[in-house]
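Listed here are the chains, written in short residue letters.
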Amino acid sequence: MPENEEPYGTHGEPRKYDPSFKGPIQNRGCTDIICCILFVLAVLGYIAVGILAWSQGDPRKAIYPTDSRGQFCGQAGTPLEKKRLLFYFNIMKCASPMVLLSFQCPTTQMCVEKCPDKFMTLVKAYRNQKDLDYYKNFCKEGVTNTMTVLTILKEGLCPAMLTPSKSFTRRCFPALGLKGGVITVGNSTKFDDGTGNMRDAKDLVDGVKNATVVMEARQVVMKIFEDYTQSWYWILIGLVIAMLVSLLFIILMRFLAGIMVWIIIAAVIAVIGYGIFHCYMEYADLKGEPGANVTLQELGFQTDFTVYLQVRQTWLAFMIILAIVEVIIILLLIFLRKRILIAIALIKEASKAIRHVMCSLFYPLFTFLLLAIVIAYWAVTAVFLSTSSEPIYKVINETACEHSGQTCEPANYSTSEMKKQCPDSECLFAFYGGETVYHKYLIGLQFYNVFLFFWCANFVTALGQMTLAGAFASYYWAFTKPDDIPTFPVFSSLGRSLRYHTGSLAFGSLILSIIQIIRVLLEYLDHKLKGAQNKFAKFLLCCLKCCFWCLEKFIKFLNRNAYIMVAIYGKHFCASARDAFLLLMRNIIRVAVVDKVTDFLLFLGKLLIVGLVGVFAFFFFSGRVKAFEDTAPNLHYYWVPILTVVIGSYLIAHGFFSVYAMCVDTLFLCFCEDLERNDGSASRPYYMSTALREILWKDEAEDPNESPAQQLQDEDGALRNPHMDEA
């Protein structure tokens, strides 16, 4: 290696001057063909899995309760259309611990129009025709007035008793309450169990508890679903506002980049400051309120999150968190004040690039559309896969029976050998499952669905990054702007990316998807091992999660810069990733003090949009502003639409600000390449603008006659390239 190149060491050799290089290479070939073929086959397989799931699945299983015959309660177009509720013959049988394992109560379940609202036994109902007619609403078909009570109970046609019940997740459960510290059902502390015995109401508690253990989560989900049906249009309005605000910020930054950045910084500090003030006022207002001094640990987990807002400790925690964030941001702004000035100038240069490539501002809408398709396909396929099992019926028997728990066929069970050997047994619906080849590999298909979701989502994101990189690189390497810029730089770059580099996009997104799926598996293991006492296993799992989180961040950074190099030179993914990494290592100080500070400022912009829209959503959905009290929808959990709007606003803001981030990253890499290729002489002029050169090469004015080989690192940390060839 020549003497003047020794300082590069293991960071590779700088680019050589090439008079034929005029920006993104047009004459290029296909890259990473094997990975392209693999991705196409994987997507075709994904489509096949979707078709198979749609042909086998039945979403009604996730919507409607199922009776002992496997029929759906309340399904439109069936005899059970008006019978929306599920009734248990004997809820006390649900008290068995086996219920928690099999998720099925060993008692007959049937669909009814409404839950019983009074105490009654079958014996008592037979004394009055009106009571008997009422009782028949909770009996199977075939009960006649000529049948005896003993015959009806023996054949399991009716329950032995009815207790006042209420609907809970479309299931009838005893209406339990407290009276003087004693558990009651229907305002009574005792009830007749149908056999003449009086029992305490507390005997129903275990049955109800086990019967609802699987339904508690479903209740929350159903309430959240109801909240979405009541507030979806307001959520859409909030997201549209977020999109308009993001677009307005981006357009204003095109004309007033410096002013807008300072406005963003001041507004973020102000919004977080208001959040601290609001939390303090809520904390102070709850002083002396009954129950407000309960600690979060004592409160435990509550499905109704509004309960936490009635506790002072919640607002104290919010206030402390916001105060810490505020202090961190202010300290960063103080210590990075010089770098921020450089970053603002770099954002101004990015604004000039975006001014010449205006259609890049609307490209995120195309990315949102593709991501929406990927997410919708994954969600629908997941629902159909999870509901593609067949109804399994099992023998349920209270007494000892050798066939108990075995599968059975309800159609001919009454004449089967199992019924003869166990006369008091029943063939009841147990769960959804199956023993076919399809059902055996159902978990594998779900895993494939999740993995392809990650792969396709990362591919769409990568396509957006490479497309924008190609467009902004066309701007940078145009010597005479805007005459040398292609007519449609974004569309040209998109065409090149899809035509030549689908394999490279698939390769990079595959690596990232593998890491993400490993992180998902680690989170699953962590969830399963929460009750474990092995400290070493917990420590090891925590270390693995931390390592893979860092690895994912690094791979995202490397992929992003690799796609820029692919967009410019058209090389395969590995070569582009290597070139990008070495180029960044040769300019590591610039990366640290300029590029990342710019990312921080753009993040503050996203934070401001999320804060503004989030505050508006909070006051609207919580009904704390009198002007919106009658307009806001009545919700179970008002945090549901607020959280949705906040997350959606961040994704929208991230999509629009990612245009600026990609522009800055592309200009930065092109600038580093420009320094290595050219020396600013008449024969090898720089492609960078004078303003951009001043931003990243500030002390050139100190000695204009100084050769590039003699220039050193300036006070702002912009590392100069001391290895350019003399003209």
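Residues numbered from 1 in each chain as written. Predicted model: local features only at pLDDT ≥ 70, side-chain atom pairs only at ≥ 80, totals over all residues. Heavy atoms only, no water.

(A) Quick look at the state of the cysteines. The full count for this structure, using the stated rule, is three disulfides. Covalently, Cys115 is tied to Cys172 through a disulfide, its sulfur atoms 2.1 Å apart. Of note, the bridge from Cys115 to Cys172 carries an S-S torsion of about -85° and is left-handed in sense. Of this pair, Cys115 sits in the loop between strand E2 (109-112) and strand E3 (120-121) while Cys172 is found in strand E6 (residues 171-174), placing the two residues 57 residues apart along the sequence. For Cys115, a relative accessible area of 10% puts it in the buried group. Residue pairing for Cys139: its cysteine sulfur links by disulfide to Cys158, the two sulfurs lying 2.0 Å apart. What sets the handedness of the Cys139 and Cys158 disulfide is the S-S torsion sign, and at about 120° it is right-handed. With Cys139 in the loop between helix H5 (129-135) and helix H6 (149-154) and Cys158 in the loop between H6 and strand E4 (161-162), this residue pair connects regions lying 19 residues apart in the sequence. (Disulfide = S-S within 2.5 Å. Helix = DSSP H or I, 4+ residues; strand = E, 2+ residues; numbered from the N terminus. Buried < 20%, exposed > 50% of the residue type's maximum accessible area, 1.4 Å probe, protein only.)

(B) Geometry of the nonpolar core. Counting residues in hydrophobic clusters, the biggest one holds 120 residues, and the most contacted among them are Met253, Tyr476, Leu601 and Leu604. Contact partners of Leu601, with chain neighbours within four places excluded, come to Val261, Ile265, Ile340, Ala343, Ile344 and Ile347. One finds Met120, Val143, Val149 and Leu157 within the second-largest nonpolar core, a separate group that totals 21 residues. (Core = buried A, V, L, I, M, F, W, Y, C linked by side-chain atoms within 4.5 Å. Contact = heavy atoms within 4.5 Å.)

(C) Main features of a positive patch on the surface. Together, Lys114, Lys118, Lys124, Arg127 and Lys130 make up a region of like positive charge exposed at the surface. Its location among the elements puts Arg127 in the loop between helix H4 (122-125) and H5. (Patch = residues over 30% accessible without salt bridge, like charges linked within 9 Å, V, L, I, M, F, W, Y side chains within 5 Å. Areas by Shrake-Rupley, 256 points an atom, 1.4 Å probe, with all protein chains shown as cover. Salt bridge = Lys/Arg side-chain N within 4 Å of Asp/Glu carboxyl O. Lys, Arg positive; Asp, Glu negative; His and termini not counted. Charge placed at Lys NZ, Arg CZ, Asp CG, Glu CD.)

(D) Highlighting the packing of aromatic side chains. In this structure the tally under the stated criterion is 24 aromatic pairs. Three or more aromatic residues link up through ring pairs in this structure, and these residues are Phe39, Phe451, Trp455 and Phe459. Positioned over the ring face of Tyr283 is Arg312, at 3.9 Å from the centre of the ring. (Phe/Tyr/Trp six-rings, centres within 6.5 Å; stacked < 30°, edge-to-face > 60°. Lys NZ or Arg CZ within 6 Å of the ring centre and 35° of its normal.)

(E) How the structure looks around the packing of helix H18 (residues 535-569) against helix H21 (residues 639-677). It is at 11 Å that the axes of H18 and H21 come closest, and there the two elements cross at 60°. The chirality of how H18 crosses H21 is right-handed. On H21, the residues touching Arg560, Asn561, Ile564, Met565, Ile568 and Tyr569 of H18 are Ser658, Ala661, Met662, Asp665, Thr666, Leu669, Cys670, Glu673 and Arg677. Of the residues assigned to the contact of H18 with H21, the class counts are eight nonpolar, three polar and four charged. (Axes fitted to C-alpha atoms, helices over the stretch in contact; angles between N-to-C directions. Left-handed = near helix turned anticlockwise from the far one by under 90°. Nonpolar A, V, L, I, M, F, W, Y, C, P; charged D, E, K, R; others polar.)

(F) How the structure looks around the pairing of E2. Burial along E2 is two-sided: the face carrying Gln109 and Cys111 and the face carrying Met110 and Val112 are both buried. Pairing geometry for strand E1 (residues 85-88) and E2, over four bridges, is antiparallel. Bridge pairing in E2 places Leu86 opposite Cys111. (Pairing = 2+ DSSP bridges.)

(G) Structural view of the confidence of the model for the protein chain. With 77% of its residues at a pLDDT of at least 70, the protein chain reaches an overall mean of 77. Below a pLDDT of 50 lies the segment residues 698-727, which in the model reaches 68 contacts outside its immediate sequence neighbourhood of four places, other chains included. (pLDDT = per-residue confidence, 0-100.)

(H) Here's a closer look at the environment of Leu80. Within the secondary structure layout, Leu80 lies in the loop between helix H2 (60-63) and E1. For the pair Leu80 and Val112, spaced 32 residues apart in sequence, the C-alpha separation works out to 8.2 Å.

(I) Broad picture of empty space enclosed by the protein. Per the counting criterion, the structure on display carries four cavities of 30 Å³ or more. Looking at the largest cavity, its volume works out to about 100 Å³. Lining the largest cavity are 13 residues, and of these Phe87, Tyr88, Ile91, Thr163 and Ser165 sit closest to its centre. Sorting the residues of the lining of the largest cavity by element identifies E1, E4 and E6 as the ones contributing at least two each. If you tally residues by element for the lining of the largest cavity, the top one is E6, at three residues. (1 Å grid on protein atoms, 1.4 Å probe; cavity = no way out; pocket = protein on both sides within 12 Å on 5 of 7 lines; lining within 4 Å. Points joined across faces, edges and corners; volume = space filled by probe spheres on them.)

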